[in-house]
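Structural overview
Residue-level listing of the chains:
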Amino acid sequence: MNGHPEAEEQQDQRPDQELTGSWGHRPRSTLVRAKAMAPPPPPLAASTPLLHGEFGSYPARGPRYALTLTSQALHIQRLRPKPEARPRGGLVPLAEVSGCCTLRSRSPSDSAAYFCIYTYPRGRLGGRRRATRTFRADGAATYEENRAEAQRWAIALTCLLRGLPLPGDGEITPDLLPRPPRLLLLVNPFGGRGLAWQWCKNYVLPMISEAGLSFNLIQTERQNHARELVQGLRLSEWDGIVTVSGDGLLFEVLNGLLDRSDWEEAVKMPVGILPCGSGNALAGAVNQHGGFEPALGLDLLLNCSLLLCRGGGHPLDLLSVTLASGSRCFSFLSVAWGFVSDVDIQSERFRALGSVRFTLGTMLGLATLHTYRGRLSYLPATVEPSSPAPAHGLPRAKSELTLTPDPAPPMAHSPLHRSVSDLPLPLPQPALASPGSPEPLPILSLNGGGPELAGDWGGAGDAPLSPDPLLSSPPGSPKAALLSPVAKGPPVIPPSSGLPPPTPDARVSASTCGPPDHLLPPLGSPLPPDWVTLEEDFVLMLAISPSHLGADMVAAPHARFNDGLVHLCWVRSGISRTALLRLFLAMERGSHFSLGCPQLGYAAARAFRLEPLTPRGVLTVDGEQVEYGPLQAQMHPGLGTLLTGPPGCLGREP
């Protein structure tokens, strides 16, 4: 039973990206939840063994392995029939693990217990693929002893995945695990060229089921539907709200929370985003924060889903934007005027092309390049933003065992809306179904469910595996109730519930609540003397909060989710089409500030005012068109909470 863990490099800590909480913290109210999201204790060294043992494999006549669990990886070393000098697949980073479960054989004579992990490693071509690894705990004479060992590993791994500390005395019991986190998923079935529902059903729901997260799902039917839903939400029933769409749906959610009379508590509800739209800027920033390589499409969705399974919230700055009419909305992403907003809105007609719409829109925008006269005023930040890397210098101014469908009792929640579909879980998973697939333990699975297998695991001659029913649902688990069933097919959307482009004045609803803007005088009033004003002919002006303007567009590489700053970028007139194109190509790497473009300007600010002097133009807030005219905005540091998963020091890819 001797095995030696492989060495693993110690990752540098990044204090500016500390977690503020994890799925392990379960305060009763949203406000208490926010206060309880304290940074976790310092992590153990990456190579410190937490558990070590010898396991067989499934089928039973397979190899035997030495397993070593550390804080960041599961090390697998083959012992028999022949030890491997350079084991292939011998290191499973926890950043690639969605969850785990324990199983037992249906054969009464089999005294072994089984430990299974669900992983999403990167393939040779870079894309992620789902894989399972099942190990046989058979070192003891009785099933009870083997079951206890398999459980010990499953509980320890689940604690690590959820950011929960392990006891120093090594006593690992089911009491360490809290109830499954409860998430409300909002899905825009029109997102991602209509692929959002398919991706959600085929990838997102199976992965979060493997992780043991409990959820209900709603398909939005019209613009501002999500906003209406969250305004009437009973917040105490949920641990987070996750949008499965592009950036627009999260915009509705945040503004809906801030429109409530209890906005001070409501806005602390953790929100997350799983990218299934054409604009996935915030997801790109979450992906970078998690330490993953830049990704697009399905790879970006899988990366963000893995991070969501890990849990962990981070304070999120929100920008309060006051428009010319006096109405106000809250932005988590950007305010744009000029070239960027023109491309965003004019490319709407190419929405069926997905993210390619922006490339096509950029080409058309370059062909008809405009300049806009305007006045930009801002309150400079008193603390300089953290310095970017030198390149970002700123200008000054096996076959796999899978899940089988078998509905479990649904969860009890208060009625939200007639369109709510509460999902009895586990869900039908056609993309992941194969005969003889093991299902998770109740405590490690969704809603405490552990359905029987639909078929046998073929080809091996071994008895099939089934869930180990030892663990019961922990205190506080929701009780079953009769709720509306979920449709097994694609969503049926009435023709009248589509999303036609509304008029500009109707695109963004005003927020009547939220914190006061103490840094801003009334729009139209003179500004304090400590503000800086520029009156120029602009090609574009961009005020951005996170690092990304798109999934592959790093507009502010030095920005952080809670740096308290709005990052102002502008391009003056006089720039050639070639130079502007070069800027946007460099923005894919976040290196546009190193080009030395004299027309490119930058300032870190706490508030700003934009006064267009050109009579016609387009203004957008988080990609949504708003009324044209003067506007002003103030940053509210850490007002919201974003589900980001572990920061890069824990989630960095090998």
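These numbers come from a predicted model, not from an experiment.

Some points on the overall build of the chain
- What the chain contains, in helices and strands, is 12 helices and 25 strands.
- For the chain, the residues scored as buried account for 59% of the 654 residues in total.
- A total of about 26,000 Å² of accessible surface is found on the chain, and carbon and sulfur atoms cover 54% of it.

A few points about the packing of aromatic side chains
- Taken as a whole and assessed by the stated rule, the structure comprises 10 aromatic pairs.
- Ring geometry for tyrosine 65 against phenylalanine 135: centres 5.8 Å apart, planes inclined by 90 degrees, an arrangement best described as edge-to-face. Of the two residues, tyrosine 65 sits in strand E2 (residues 64–69) while phenylalanine 135 sits in strand E7 (residues 131–137), which places them 70 residues apart along the sequence.
- The class of phenylalanine 135 is buried, set by a relative accessible area of 1%.
- A centroid spacing of 5.4 Å and a plane angle of 50 degrees characterise the contact between phenylalanine 339 and phenylalanine 584, whose relative ring orientation is tilted. Phenylalanine 584 matches phenylalanine 339 in its accessibility class, with the two residues each being buried.
- Grouping aromatic residues by their ring pairs yields a cluster made of Phe55, Tyr65, Phe115, Phe135 and Trp153.
- Positioned over the ring face of tyrosine 143 is arginine 104, at 4.2 Å from the centre of the ring.
- The ring of phenylalanine 292 carries the charged tip of arginine 128 above its face, separated from the ring centre by 5.0 Å.

With respect to helix H5 (residues 247–258)
- Compared with the 16 Å implied by 1.5 Å per residue over 12 residues, the 17 Å span of H5 between its first and last C-alpha is a close match.
- Counting buried positions over the 12 residues of H5 gives 11, a clear majority of the element.
- When H5 is considered as a whole, its buried residues turn out to be Asp247, Leu249, Leu250, Phe251, Glu252, Val253, Leu254, Asn255, Gly256, Leu257 and Leu258.

Observations concerning the packing of helix H7 (residues 281–289) against helix H8 (residues 297–310)
- The interhelical angle for the contact between H7 and H8, taken along N-to-C directions, is 60 degrees, at an axis separation of 10 Å. Accordingly, the angle class assigned to the pair H7 and H8 is oblique. The crossing of H7 and H8 is left-handed. Across the interface between the two elements, Ala283, Gly284, Val286 and Asn287 from H7 touch Leu300, Asn303, Cys304 and Leu307 from H8.
- Tallied by class, residues from the contact of H7 with H8 come to 5 nonpolar, 3 polar and no charged.

Structural notes on the nonpolar core
- Leu186 and Phe608 are the most contacted members of the largest nonpolar core, which has 95 residues in total.
- Per-element accounting of this core gives the leading share, 8 residues, to H8.
- Two domains each donate at least three residues to this core, and these are domain 2 (182–314) and domain 3 (339–382 + 515–638).

Thoughts on the pairing of strand E3 (residues 73–80)
- Two strands pair when backbone bridges link them, and E2 and E3 are joined in this way by 6 bridges, in the antiparallel orientation. Bridged to arginine 64 within E3 is arginine 80.
- From the end of E2 to the start of E3, which pair antiparallel, there are 3 residues.
- As judged from the 3 bridges shared by E3 and strand E4 (residues 91–93), these two strands associate in the antiparallel manner. Pairing of leucine 74 across the sheet is with valine 92, part of E4.

Side note on the pattern of salt bridges
- All chains considered together, the criterion is met by 18 salt bridges.
- A salt bridge links aspartate 138 to arginine 64; the nearest nitrogen and oxygen atoms lie 2.9 Å apart. On the criterion of sequence distance, the pair formed by aspartate 138 in the loop between E7 and helix H2 (143–161) and arginine 64 in strand E2 is long-range, its members being 74 residues apart.
- By relative accessible area, which is 24% here, aspartate 138 ends up partly exposed.

Focus: unusual backbone geometry
- Phi angles above zero are rare outside glycine, and asparagine 224 is one such case at about 70 degrees.
- Given the relative accessible area of 15%, asparagine 224 is considered buried.
- Non-glycine residue aspartate 622 carries a positive phi angle of around 55 degrees.
- Along the polypeptide, aspartate 622 turns up in the loop between strand E23 (619–621) and strand E24 (624–626).

Quick word on the side chain of aspartate 342
- You can see aspartate 342 is positioned in helix H9 (residues 339–346).
- Nearest to the buried, unbridged aspartate 342 among oppositely charged side chains is arginine 616, at 10 Å.
- Only 2.5 Å separates the side chain of aspartate 342 from the side chain of tyrosine 372, close enough to count as a polar contact.

A look at the pairing of strand E12 (residues 313–322)
- Burial analysis of E12 places 9 of its 10 residues in the buried class, which makes it a mostly covered element.
- In this sheet, strand E25 (residues 631–643) lies alongside E12 in antiparallel orientation, the contact comprising 9 bridges. Bridge pairing links histidine 314 to leucine 642 in E25.
- Turn length for the E12-strand E13 (residues 328–331) hairpin, with the two strands adjacent in sequence and antiparallel, is 5 residues, and the turn residue glycine 326 shows positive phi of about 95 degrees.

Calculation rules
Residues numbered from 1 in each chain as written. Predicted model: local features only at pLDDT ≥ 70, side-chain atom pairs only at ≥ 80, totals over all residues. Heavy atoms only, no water. Helix = DSSP H or I, 4+ residues; strand = E, 2+ residues; numbered from the N terminus. Buried < 20%, exposed > 50% of the residue type's maximum accessible area, 1.4 Å probe, protein only. Areas by Shrake-Rupley, 256 points an atom, 1.4 Å probe, with all protein chains shown as cover. Phe/Tyr/Trp six-rings, centres within 6.5 Å; stacked < 30°, edge-to-face > 60°. Lys NZ or Arg CZ within 6 Å of the ring centre and 35° of its normal. Expected span 1.5 Å × (residues − 1). Axes fitted to C-alpha atoms, helices over the stretch in contact; angles between N-to-C directions. Parallel < 35°, antiparallel > 145°, perpendicular 65-115°, else oblique. Left-handed = near helix turned anticlockwise from the far one by under 90°. Contact = heavy atoms within 4.5 Å. Nonpolar A, V, L, I, M, F, W, Y, C, P; charged D, E, K, R; others polar. Core = buried A, V, L, I, M, F, W, Y, C linked by side-chain atoms within 4.5 Å. Domains from an automatic or database assignment. Pairing = 2+ DSSP bridges. Salt bridge = Lys/Arg side-chain N within 4 Å of Asp/Glu carboxyl O. Lys, Arg positive; Asp, Glu negative; His and termini not counted. Polar contact = N/O pair within 3.5 Å; in protein donor to acceptor, adjacent residues only side chain to side chain.

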